[in-house]
Amino acid sequence: MIELAELHDSAQKAFPADKLMPERDTSWALAAEMGWLMIELPEDQGGLGLTRQAAAAIHYELGKVLSSAPLIPAMLALRGIAGAADFAARDEWIERICCGEYVPLNMLPARIEAGADGKSNGTVPGLFDADMASHVLVGCGGAYHLVPLDAPGVRLVERKLWDQSRRVFDLVLEEARLDANTLVADGALAASLHDDIARSAHLFLAADSLGGATAALEMTIDFLKMRKQFDRPLAMFQALKHRCADLKTQVVAAEALLWSRATGAEQVSVTDLGAMKALATDVYRRVTEEMIQLHGGIGLTDEHPCHQFMKRAMLNLQLCGGLDHWREAAGRAALRQ
Amino acid sequence: MKLVGAGYAVPHWPEQWPGGGRSLAEQKVIYEELARADSPRLLLSFVSTYHAASTLMECGSDEQRARYLPAILRGETWCQGFSEPGAGSDLAAIKTKAELRGDHYVVSGQKVWSTMAQYADKCLLLVRTSSDGPKQAGITFLLMDMKAKGVSVRPINQIQGDEEFCEIFLDDVEVPVSDRVGEEGKGWVVAQTTLSSERGLTLMELSYRMKGALNRAADLIRQNKRQDDVGVLREFGKLVTQVDAACAIADKFLENRIGGVERIGDASIVKNSYSSALRAYAAFGVNVGGIEEQYRAPITFGDLNTGNWMADFMNSYAWTIAGGSEEVQRNIIAERMLEMPREPKSWVL
Ligand SMILES: Cc1cc2nc3c(=O)[nH]c(=O)nc-3n(C[C@H](O)[C@H](O)[C@H](O)COP(=O)(O)OP(=O)(O)OC[C@H]3O[C@@H](n4cnc5c(N)ncnc54)[C@H](O)[C@@H]3O)c2cc1C
């Protein structure tokens, strides 16, 4: 527990609350220097050997400042590579990543068709900040491939986002080779890696979202206390107080669920974690919608950060399965019990 | 009484009591299993095992604890006499008067909405002993015998078809001074202890019971052959996660309380998380159950998660209104936790 509080603390010091969307490349370098990339990596593999919960604590803090450094996809890729026991170049890649090399994992489902000639065509969306990478880890069709970006038939296309705190790319495959040379894991191992990675993905996205929701709500309340209309602070109006109280209640309850599922996440089903992520991102969206409304006109200005939070929330909702998907999955799972 | 014998009745009590001193994890399992097994809630003992017990443990004298706590475990039932016709959300506005005469108080006035008062042996009673100064300062907390001379009780018909709460009329009722909790004029603080146990502590049991009772909603989906209806499945998945979050925050609350780091407003967050999940739970059942739910007979002694969805829906208001309404909790969260300024006090018509 003390460890966790220290992590929250050092992340807050490295990324102070008053500096939103800190510049990407220096943030990335700082995060790597702090050792956050290898936070979950077992000590015998050169990592810090901390829990998923510890990693989530970092993402919670980075979510508060709308971090531009793509730590989540990097940690997920590292988890995949480190868990791929049969991957010949595993140790080399662990070392490269721990030294700060960026390898992302796709955060949206890939659509790839493998031809009879062993060549693949299709698109791998959801590769964050792939412009920083020389290789990307592609999870698709029950296998993981580490694809060099200079390979023949491989091309990156940036997809302009509403969310200005992040950059995302599609990897377009045209007669590209995904074969034994690129294979990291397949079969039963890939399936268990997939679940393991999904658990982290949901925890991290939920942590990012609830960190963001917490910061957005705090900013909104501070604004309401400061802004005066009708000769009094807006925060005195009960109609507004009640909306803030409801948002606070929703954020705190979602956070309680996040931390309870983060401890011993290995025992929690992927569906339960996905449903938790759905709740967290939905709460984030609600807080940021209200943030804009409660700021009035200023909330619609590009200069003011309200919209940055809202846009990040909307993107988080879509990553690794949306609301409809996880609600339905949770409903089915609960029906089976 | 079987639960008392097996040590499962009051898992939230400290360990010197039979069945008490259980870990949080054990409490959760007990409550979830009780709900799954369809075990009725100890409705009659609700106020005695939670409100009365917490109040006595935190604010009572040794003598009061020794006298009343064992009796509670033997099944003595209590009711709560706080609200009055003119004092609901504004509880400090109570008018029921108590005058000290020798070694006893003489009490006159009227209480309302007192749950199960018609079956109660004892009453947690808030009275006014002084009208000077701020209205909170003149309040005193008494333990009243419901069999005493001058107490009369009138049950009130409720919308779900039973009589759960009552009016209590008090006409020169004598209460010994030894049954005063805390000092005279300091009853407001004691009452806060009672209310905070109601808002926080009881919700561990109720949240986990609601979680256990999700199987009723699952049964309902199957009975109505909606298990492949994607809309229903999504709604159900959302509900399940909302209930899980209500359980998680109830856990966290208790953990903080035990760790001595409870903050003002925490209990309000727990209460509103629970009450909104409970409302959603019941509304889900009313919706999925369709027309059949409109034909169901009223049940007497409404528990909260009975699977009679219309009755459950109506009973869910108990938690958005009683014990400080949802709106009052929002005020507490906004003003005392988020430190948003209070409205000006004075008001002129
Ligand atoms: C099922 C049930 C069981 C109960 N059991 C007991 C019991 O055992 N013992 C006991 O003493 N009492 C009991 N009560 C009473 C309960 O505590 C009161 O009903 C409650 O405090 C609300 O008071 P009221 O009914 O007078 O409503 P009012 O205070 O008149 O409120 C009416 C409406 O106005 C809103 N409102 C009031 N003040 C504000 C404000 N400042 N800001 C915004 N909105 C406001 C309320 O939220 C509510 O929606 C019970 C109530 C119920 C429903």
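The rules behind the values
- Chains are numbered independently. Their residues run from 1 in the order of the written sequence.
- For this description, chains carry letters from A and ligands carry numbers from 1, given in the order in which they are written.
- Whole-chain, interface and lining totals are the exception, using all residues; otherwise, since this is a predicted model, local features are given only for residues with pLDDT of at least 70 and side-chain atom pairs are given and counted only at 80 or more.
- Side-chain numbers here rest on the full set of heavy atoms in the structure, without hydrogens or water.
- Secondary structure counts use DSSP, requiring at least four H or I residues in a row for a helix and at least two E residues in a row for a strand, with both numbered from the N terminus.
- Expected span, for any helix, means 1.5 Å times one less than how many residues it has.
- Note on exposure labels: buried denotes an accessible area under 20% of the residue type's maximum, exposed denotes more than 50%, and partly exposed covers the range between, all computed with a 1.4 Å probe on protein chains only.
- Joining through side-chain atoms within 4.5 Å is the link that ties buried Ala, Val, Leu, Ile, Met, Phe, Trp, Tyr and Cys residues into a set, and such a set is a nonpolar core.
- The criterion used for residue contact is that any of the two residues' heavy atoms lie within 4.5 Å.
- Boundaries between domains were set according to an automatic or database domain assignment.
- What gets called buried area is simply the loss in accessible area from a 1.4 Å probe that two parts show on being joined, summed for both.
- One side-chain nitrogen of Lys or Arg within 4 Å of one carboxyl oxygen of Asp or Glu is enough to make a salt bridge.
- Any N or O atom pair separated by 3.5 Å or less is treated as a polar contact, with the protein-specific requirement of one donor-capable and one acceptor-capable atom, and with residues adjacent in sequence counted only for side-chain atom pairs.
- Any residue that is not Ala, Val, Leu, Ile, Met, Phe, Trp, Tyr, Cys, Pro, Asp, Glu, Lys or Arg is counted as polar, Gly included; the first ten are nonpolar and the last four charged.
- Here, strands pair whenever DSSP counts at least two bridges between them.
- The distinction between a cavity and a pocket rests on a 1 Å grid over the protein atoms alone: a 1.4 Å probe fits inside a cavity but cannot get out, while a pocket stays open yet meets protein on both sides within 12 Å along at least five of seven lines, and a residue with an atom within 4 Å of a point counts as lining.
- Grid points are joined across faces, edges and corners, and a volume is the space filled by probe spheres set on the points.
- Note on definitions: angles span 0 to 180 degrees between N-to-C directions of axes, and those axes are lines fitted to C-alpha atoms, for helices only across the stretch in contact.
- Note on definitions. A residue lies near a molecule or strand when any single heavy atom of the residue is within 4 Å of it.
- The protein chains shown are the only cover counted for residues, whose accessible areas, like all others here, come from Shrake-Rupley with a 1.4 Å probe.
- In this description, a disulfide is simply a cysteine sulfur pair whose atoms lie within 2.5 Å.

### Structural notes on helix α4 (residues 62-73) of chain B
All names here are of chain B. Compared with an ideal rise of 1.5 Å per residue, which puts twelve residues at 16 Å, α4 spans 17 Å between its outermost C-alpha atoms and is within 8% of the ideal. Within α4, the full set of buried residues consists of Gln 64, Tyr 68, Leu 69, Ala 71, Ile 72 and Leu 73. Downstream of α4 by one or two residues, Gly 75 has phi in the positive range, about 110°.

### Details of the nonpolar core
Counting residues in each nonpolar core, the largest one holds 164 residues, and the members touching the most others are Trp36(A), Leu71(A), Val136(A), Leu137(A), Leu171(A), Leu224(A) and Phe236(B). In terms of residue count, helix α6 (residues 187-226) of chain A provides more of this core than any other element does, 17 residues in total. Residues within four places of Leu171(A) in sequence aside, it is in contact with Gly122(A), Thr123(A), Val124(A), Leu127(A), Val136(A), Val138(A), Val147(A), Leu149(A), Val154(A), Arg155(A) and Leu156(A). With 27 residues, the next largest nonpolar core counts Val10(B), Trp13(B), Ile94(B) and Phe141(B) among its residues.

### Regarding the domain arrangement of chain B
Residue and element names in this part refer to chain B. Assigned domains within chain B: domain 1 (2-73), domain 2 (78-186) and domain 3 (201-337). Taking only C-alpha atoms into account, the centre of domain 1 sits 22 Å from that of domain 3. Of the roughly 1800 Å² buried at the junction of domain 1 and domain 3 (both faces included), carbon and sulfur atoms supply 63%. Glu 58 is the partner of Arg 257 in a salt bridge, and the nearest nitrogen-oxygen pair spans 3.1 Å. Scanning the region where domain 1 abuts domain 3 turns up two residue pairs in polar contact (both at pLDDT 80 or more). Of all the elements in the fold, those that place two or more residues in the side of domain 1 that touches domain 3 are α2 (24-36) and α3 (46-59). No other element matches the eight residues that α2 contributes to the side of domain 1 that touches domain 3. Residues belonging to the side of domain 1 that touches domain 3 are distributed by class as follows: nine nonpolar, four polar and six charged.

### Describing the pairing of strand β6 (residues 168-177) of chain A
Residue and element names in this part refer to chain A. Along β6, seven of the ten residues are buried, which leaves the element largely enclosed by surrounding structure. Here strand β2 (residues 119-128) runs beside β6; their pairing, made up of seven bridges, is antiparallel. Bridge pairing in β6 links Lys 119 to Arg 177. Judged from the six bridges that link them, strand β5 (residues 154-159) and β6 form a sheet pairing that is antiparallel.

### Here we look at the layout of surface pockets
Size it by volume and the second largest pocket reaches roughly 1600 Å³. Lining of the second largest pocket is provided by 49 residues; of these, Tyr60(A), Glu255(A), Trp259(A), Lys252(B) and Arg263(B) occupy positions nearest its centre. Mapped by element, the contributors of at least two residues to the lining of the second largest pocket are α1 (2-14), α3 (52-64), α6 and α7 (238-262) of chain A together with α2, α7 (230-258) and α8 (266-289) of chain B. Ranked by residue count, the leading element in the lining of the second largest pocket is α6(A), at eight residues. Counted by class, the lining of the second largest pocket contains 27 nonpolar, seven polar and 15 charged residues.

### Topic: the interface of chain B and chain A
Often the size quoted for an interface is simply the accessible area lost on bringing the parts together. Contact with chain B, which involves 35 residues of that partner, is made by 31 residues of chain A. Carbon and sulfur atoms make up 68% of the surface buried where chain B meets chain A, a total of about 3000 Å² over both sides. Counting the surface chain B buries against chain A, the share from its top three residues, Arg234(B), Leu338(B) and Met340(B), is 19%. In this assembly, chain B and chain A are joined by five salt bridges. Here Asp244(B) and Arg261(A) are joined by a salt bridge, their closest N and O atoms 2.5 Å apart. Among the secondary structure elements, those contributing two or more residues to the side of chain B that touches chain A are α6 (214-223), α7, α8 and α11 (326-337) of chain B. When residues in the side of chain B that touches chain A are grouped by element, the largest group, 13 residues, is from α7(B). Per-class residue counts for the side of chain B that touches chain A are 17 nonpolar, six polar and twelve charged.

### Side note on the sheet that holds strand β1 (residues 111-114) of chain A
Residue and element names in this part refer to chain A. Sheet architecture is open: four strands sit in the order β1-β2-β6-β5, paired in antiparallel fashion. Both edges of this open sheet fall to β1 and β5, since each of them pairs with a single strand only. Adjacent strand axes in the sheet meet at a mean angle of 20° when their direction is disregarded. Where β1 lies against β2, four bridges are found, and the strand directions are antiparallel. Looking at β2, one finds that Arg 111 is bridged to Thr 123.

### Looking at the domain arrangement of chain A
Residue and element names in this part refer to chain A. Splitting chain A by domain gives domain 1 (4-98), domain 2 (111-188) and domain 3 (190-336). With 15 residues of domain 1 at the contact, the number on the domain 2 side is 15 residues. Between domain 1 and domain 2, a total of about 1200 Å² is buried, with carbon and sulfur atoms accounting for 70% of that surface. When the buried area of domain 1 at its contact with domain 2 is split by residue, Arg 24, Phe 87 and Trp 93 rank highest and sum to 38% of it. Here domain 1 and domain 2 share two salt bridges between them. A salt bridge links Asp 131 to Arg 24; its shortest N-O distance comes to 2.7 Å. Put simply, domain 1 and domain 2 have two residue pairs in polar contact (both at pLDDT 80 or more) between them. Put simply, the parts of the chain that give the side of domain 1 that touches domain 2 at least two residues each are α2 (24-33), α4 (71-83) and α5 (90-98). Across the side of domain 1 that touches domain 2, the residue classes break down as ten nonpolar, two polar and three charged.

### Comments concerning the site of the ligand
Residue and element names in this part refer to chain B. Around the ligand lies a shell of 17 residues, among which Ser 89, Trp 113, Thr 115, Ser 325 and Glu 327 are the nearest. Within the backbone of Phe 82, a nitrogen or oxygen atom sits 2.9 Å from an oxygen atom of the ligand. Taking Trp 113, its main chain carries an N or O atom lying 2.8 Å from a nitrogen atom of the ligand. Taken by itself the ligand offers 970 Å² of open surface, and the protein chains cover 68% of this. Mapped onto the shell around the ligand, the elements with two or more residues apiece are β3 (104-115), α10 (309-321) and α11. When the residues that make up the shell around the ligand are grouped by side-chain class, the tally is six nonpolar, ten polar and one charged. Viewed by domain, the shell around the ligand spans two of them, domain 2 (78-186) and domain 3 (201-337), each represented by three or more residues.

### Section: the state of the cysteines
Overall, the coordinates contain zero disulfides over all chains when judged by the stated rule. Residue Cys98(A) stays outside any disulfide, its sulfur separated by 7.0 Å from that of Cys99(A), the closest cysteine. Between Cys166(B), a cysteine without a disulfide, and Cys79(B), which holds the nearest cysteine sulfur, the sulfur-to-sulfur distance is 7.9 Å. On the accessibility criterion, Cys166(B) (0% relative accessible area) is buried.

### Some words on the sheet that holds strand β3 (residues 135-140) of chain A
Residues and elements named next belong to chain A. One open sheet accounts for three strands, arranged β3-β4-β7; its pairing is antiparallel. With partners counted over all chains shown, the strands left at the sheet margins are β3 and β7 (183-186), one partner each. Between one strand axis and the next, the sheet turns through 15° on average, direction left out of account. Of the pairings in the sheet, the one linking strand β4 (residues 143-148) to β7 comprises three bridges and is antiparallel in character. Residue pairing across strands places Tyr 144 opposite Ala 185, the latter belonging to β7. Docked against the sheet, α6 engages β4 and β7, running at close to 90° with respect to β7.

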